[in-house]
Amino acid sequence: MIEEPETSSRRRGGVSPDSILHSGSEGEFTAEDLVLASGRDVNPENLAWAQRRMAEKGDRAALDELLP
C-alpha cells in the first residue's frame, strides 16, 4: 500500500490541516492566480481583466478582495 504524504487531507478525515492551508496574498502570484481565485476560466479576456485589476488596485489588494 502506498502511503500518502502528511499534507494529504485524507490524514485528518477529509479535512485539510491548517498547516497546509493558504489564504491571502502572502507570496508571489500572477494574473492567472487572480483569475482562478475569482472562479473564472483562464482565457485571454479574463487574464486581461486580472491584469487591469492588479494595476488599478495593486497586486495584493486585488487578490485579498477575493480570498477569505
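Residues numbered from 1 in each chain as written. Predicted model: local features only at pLDDT ≥ 70, side-chain atom pairs only at ≥ 80, totals over all residues. Heavy atoms only, no water.

Between its first and last C-alpha, helix H2 (residues 44–57) extends 20 Å over 14 residues, near the 20 Å set by a 1.5 Å rise per residue. Taken residue by residue, H2 has Asn-46, Trp-49, Ala-50 and Met-54 as its buried positions. Looking straight down H2, one finds its buried side chains confined to an arc of 130°; they lie on one side. In this structure, H2 carries Pro-44, Glu-45, Gln-51, Ala-55 and Glu-56 as exposed residues pointing more than 90 degrees from its buried face. Structurally, H2 contributes buried residues whose contacts are with helix H1 (31–37) and helix H3 (59–66). Its side-chain oxygen 3.1 Å from the backbone nitrogen of Glu-45, Asn-43 forms the N-cap of H2. Looking at the residues trailing H2, positive phi occurs at Gly-58, about 95°. (Helix = DSSP H or I, 4+ residues; strand = E, 2+ residues; numbered from the N terminus. Expected span 1.5 Å × (residues − 1). Buried < 20%, exposed > 50% of the residue type's maximum accessible area, 1.4 Å probe, protein only. Arc of directions from axis to C-beta. Contact = heavy atoms within 4.5 Å. Polar contact = N/O pair within 3.5 Å; in protein donor to acceptor, adjacent residues only side chain to side chain.)

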